[in-house]
Amino acid sequence: MDKSNPDNTGEFFNQFLDDYYAECDEHLVLIRRALVMLEREVGAPAVDRSLLDNLFRSFHTLKGISGMVGLAAAEQLAHHLESYLRELREGTVALSEPGFEALGAGVSLLENVINARRHDQPIPSIDEIVAQLQAAPHVTPGASGSESVVQRWQIEFTPTAELAARDVNVNTVRARLQEIGELIQAKPIVKGAGEIAFEFVLTTGVDETVLKSLEADGLVAQRLEDSAVHKAQPVPLIAPSTVVRVDLDRLDELMRIVGDLVISRTRLDDQLTQLKLVTPPAAWRPLQETSLGIARQLRDLRESVIRVRMVEIGEIFERMTFVVRDLARESGKKIIVQLSGGETEIDKFLVERMMDPLMHLVRNAVSHGLEIVAEREAQGKRAEGLLSLSAMTAGERIIIKIADDGRGIDRDLVRERAKANGLDPGDREIDDAALLDLISSPGLSTRDAADRESGRGVGMDIVKNAIEELGGHISLETKRGQGTTFTLELPLTLAIAEALIVSVNGQRFAVPQSGVREVFEVESASTKMLENNEIIPYRGKVLPLLRLARVFEMDYPRGEKFHVLVIGEETNAVGLAVDRILEQREIVVRALNDPLAQSKGIAGATELGDQRVVLILDITALRQLAMTSPH
Amino acid sequence: MPDEPRTNNILVVDDSPTMRRMVITSLGSLRTVKSSQAGSGLEAIERLAIEPVDLMVLDLNMPDMHGMEVIDFVRRHQSYRNIPIVVLTTKGEESSRSQALAAGANRYLTKPFDPRQLADIVGSLLKTS
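What you see is a predicted model, and the numbers here were worked out from it, not measured in a lab. (Residues numbered from 1 in each chain as written. Chains lettered and ligands numbered in written order. Predicted model: local features only at pLDDT ≥ 70, side-chain atom pairs only at ≥ 80, totals over all residues.)

(A) A look at the overall build of chain A. If you tally the helices and strands in chain A, you get 21 helices and 23 strands. Within the span of chain A, comprising 631 residues, buried residues form 33% of the whole. Restricting to contacts in chain A with at least 6 residues of sequence separation, those with at least 24 account for 67%. (Helix = DSSP H or I, 4+ residues; strand = E, 2+ residues; numbered from the N terminus. Buried ≥ 20, exposed ≤ 12 C-beta atoms within 10 Å, placed from the backbone. Contact = placed C-beta atoms within 7 Å.)

This is the structure we're talking about:
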């Protein structure tokens, strides 16, 4: 900082912009979470005090740091949100429906204002929302309160540098106490010789021995006289976060280094194998054991790095509930959102790229899938439409479902639209997979009004591409009048994957294992030709074959046997024909950024340790290739 | 090094880590200063108990113990009552200025703050205390 020039203040604070955005993100997450809980209390006579305190503090902090970076719109908006919260907290205003709406709208706008600054876009006006917040009706809340009977303890903690070094400090002590009961007081006190201590008052039902066990850490617990007390309003105590914020780029760098280590280890392994022939076993074996030890440690290291990258998917689910509420209000629909599996973890990189596709699917479900109240009631359905978002892990993949109980997709309408757009949907009944392909075809999915009537369709091509680019897969299940479910399947993380190494005409390729359903050996004599397509019998049906050698325009020897990898879903599975399967191993995925090296069917490259580059196959692209052209 | 001026420890108390970094960076121009941080009022008082503190930069609106209570506590404690306190709080609570000064704060600044002004004030308080 140039101290002689006070006008540099703005520049001075600009160096904190990354911290500012990160802290804003953290608070917005906390705020959205609190709003979800607050919504349940709309109309209630008394609102959970600690919820209001937390919200208040987040707005207060956002106001403070926004002012520092000179983002006046965010500072003012946060100020008005904070003021409204203050009125709620002081009880001069009860939480009403319009008040909550204004709060929700204010938070969305605050996020937009911050993002506009982040992306150098014009800052939206805040006037309208501020007016709404100020106009939120002033209703005098009724009085209420519940009482329960518990035991009350006084706990004294004297901090010392020694205890602090053992991580026993006012925060960890408080966190432990909060686990076993409800803290109703936490204050510093001064003892005889001027020594500082902290006095906590805890109401809890736990046994005396639990509290006495705390004494090992210098805590003194004492039961207070009137063991039966009325539960007082708890003092809100939020343990400060121990979370460290790390830029995703730095984690990518860490992951890259781990990847390099994996490759070096593989190289070491190969060299050891060669050494085995010329080294006495007594000398070779310890080397081999060390190498295996490194392999195990590398696996642990890799898993730890991946864990650092993982975030809970619940955060974006919560964002979706806001989108749904806004859309529902605009369209006059009633919608209940059900979330489950929000604690499921997914790579931060994937989460960010999943936002838009998920948002699209949720919007479509609300706008086109779920009906208005009158239409639902006419069909004997419950007035409130149900939208459920769920997540779960299955092996190395995460499965996300977006389900509605709306009108379902009209196959006949989709068929008509497809024909009108020059597509050939065939004359048979369109099954779910074919339906998804149709509504995701660029011609159909980008059209607007007419396709809306068909129940789905805006931007589905973008959604499908985005998910497949991430190595994921989307499927659809829809029943007329009963609803639609989209199932997204994604890898938990990118960068390092299990793969099958296959050989075709002496060339090696890596096939990501998560996309392979089954592997088997086939006699060359058992293949047949059908309408220019090579097929083999498979599970009572036929499986179209895709010769990898043909895809990459190589010759292939017609051996007696070859191997088939089954890729894709049951209904549109394809058999990938390769000469041999060499091994199964971990590979480090590197994107091919050179446009000359980018070709259809190739997802990236990897090194297997012998310093030769092996191409990684793009299973989704290969499957599409097989569906569109005969092989 | 007998002629080297003593290093002063400044305790920066604010629940926002970004704000703490801004304050600490602003104080970086004072060469004889090191800093420690606390994210809440209780944490601040614990810092006092386990390390020497020469000056506090204190936010008011914080979780679990308001800055005003921290001032109260510090001013009533025989060992800490002379520690200079600079209150650094978000604009908009003008009534708290007189309260904080009456409770014993040495200076009262509002956010957004001028980094140079903060450093000057802290520097002069350290010189006179």
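(B) Highlighting the sheet that holds strand 4 (residues 85-90) of chain B. Residue and element names in this part refer to chain B. If you walk across this open sheet you meet the 5 strands as 2-1-3-4-5, and the pairing is parallel. Two strands in the sheet have a free side with no partner beyond their single neighbour: strand 2 (33-38) and strand 5 (107-111). Each strand of the sheet is rotated relative to its neighbour by a mean of 20°, with strand direction disregarded. (Pairing = 2+ DSSP bridges. Axes fitted to C-alpha atoms, helices over the stretch in contact; angles between N-to-C directions.)

(C) Representation of the nonpolar core within the structure. By size, the foremost hydrophobic cluster in this structure holds 91 residues, and its most contacted members are A:Ala74, A:Leu77, B:Met56, B:Val57, B:Leu58 and B:Ile85. Top element by residues in this core is helix 4 (residues 72-90) of chain A. It accounts for 8 residues. Those residues in contact with A:Leu77 that sit more than four places away from it in its chain are A:Gly106, A:Leu109, A:Leu110, A:Val113, A:Ile126, A:Ile129 and A:Val130. Judged by nonpolar contacts, the second largest core, of 39 residues, contains A:Ile335, A:Ala391, A:Ala418 and A:Leu435. (Core = buried A, V, L, I, M, F, W, Y, C linked by C-beta atoms within 7 Å.)

(D) Fine view of unusual backbone geometry. B:Pro112 follows B:Lys111 through a cis peptide bond whose omega is 0°. Along the chain, B:Pro112 turns up in the loop between strand 5 and helix 5 (115-128). One non-glycine residue, A:Asp120, lies in positive phi territory at about 55°. With respect to the helices and strands, the residue A:Asp120 is situated in the loop between helix 5 (97-118) and helix 6 (127-135). Not every positive phi belongs to a glycine, and A:Asp167 is a case in point at roughly 70°. Residue placement: A:Asp167 occurs in the loop between helix 7 (161-165) and helix 8 (170-180). For A:Asp167, a count of 9 C-beta atoms within 10 Å translates into the label exposed.

(E) Molecular detail of the sheet that holds strand 12 (residues 483-491) of chain A. Residue and element names in this part refer to chain A. Taking strand neighbours across the sheet as the criterion, the 5 strands line up as 7-9-10-12-11 in an open arrangement whose pairing is mixed. Looking at strand neighbours, the two that pair on one side only are strand 7 (335-340) and strand 11 (473-479), the edges of this open sheet. Between one strand axis and the next, the sheet turns through 10° on average, direction left out of account. Note that strand 7 and strand 9 (residues 385-394) share 6 bridges and pair parallel. The residue bridging Ser 340 from the neighbouring strand is Ser 390, located in strand 9. This element, helix 19 (residues 460-469), spans strand 11 and strand 12 of the sheet and lies at about 140° to strand 11.

(F) Quick look at the interface of chain B and chain A. In this complex, chain B contributes 32 residues to the contact, which on the side of chain A involves 35 residues. If you list the elements that add at least two residues to the side of chain B that touches chain A, you get helix 1 (17-27), helix 2 (41-50) and helix 5 of chain B. A per-class count over the side of chain B that touches chain A returns 12 nonpolar, 11 polar and 9 charged. (Nonpolar A, V, L, I, M, F, W, Y, C, P; charged D, E, K, R; others polar.)

(G) Structural view of the pairing of strand 19 (residues 561-567) of chain A. All names here are of chain A. The pairing of strand 15 (residues 516-523) with strand 19 spans 7 bridges and is classified as antiparallel. Across the sheet, residue Val 516 finds its bridge partner in strand 19, namely Ile 567. Bridge count between strand 19 and strand 20 (residues 574-578): 5 bridges; the pairing is antiparallel. Bridge pairing links His 563 to Val 578 in strand 20.

(H) A look at helix 2 of chain B. A large share of helix 2 of chain B lies buried, amounting to 9 of its 10 residues. Along helix 2 of chain B, the residues classified as buried are B:Gly41, B:Leu42, B:Glu43, B:Ala44, B:Ile45, B:Glu46, B:Arg47, B:Leu48 and B:Ala49. On its buried face, helix 2 of chain B sits against helix 8, strand 2 (182-190) and strand 3 (196-204) of chain A together with strand 1 (8-13), strand 2 and helix 3 (67-76) of chain B.

(I) How the structure looks around the packing of helix 10 (residues 248-276) of chain A against helix 11 (residues 281-309) of chain A. Residue and element names in this part refer to chain A. The geometry of helix 10 relative to helix 11 is characterised by a closest axis approach of 10 Å and an angle of 165° between their N-to-C directions. On the basis of the axis angle, helix 10 is roughly antiparallel to helix 11. In the crossing of helix 10 with helix 11, the sense of the turn from one axis to the other is left-handed. Touching Leu 251, Leu 254, Met 255, Val 258, Leu 261, Val 262, Arg 265, Leu 268, Asp 269, Leu 272, Leu 275 and Lys 276 of helix 10 are Trp 284, Leu 287, Gln 288, Ser 291, Ile 294, Ala 295, Leu 298, Leu 301, Arg 302, Val 305, Val 308 and Arg 309, all from helix 11. For the contact of helix 10 with helix 11, the class distribution of residues is 17 nonpolar, 2 polar and 5 charged. (Parallel < 35°, antiparallel > 145°, perpendicular 65-115°, else oblique. Left-handed = near helix turned anticlockwise from the far one by under 90°.)

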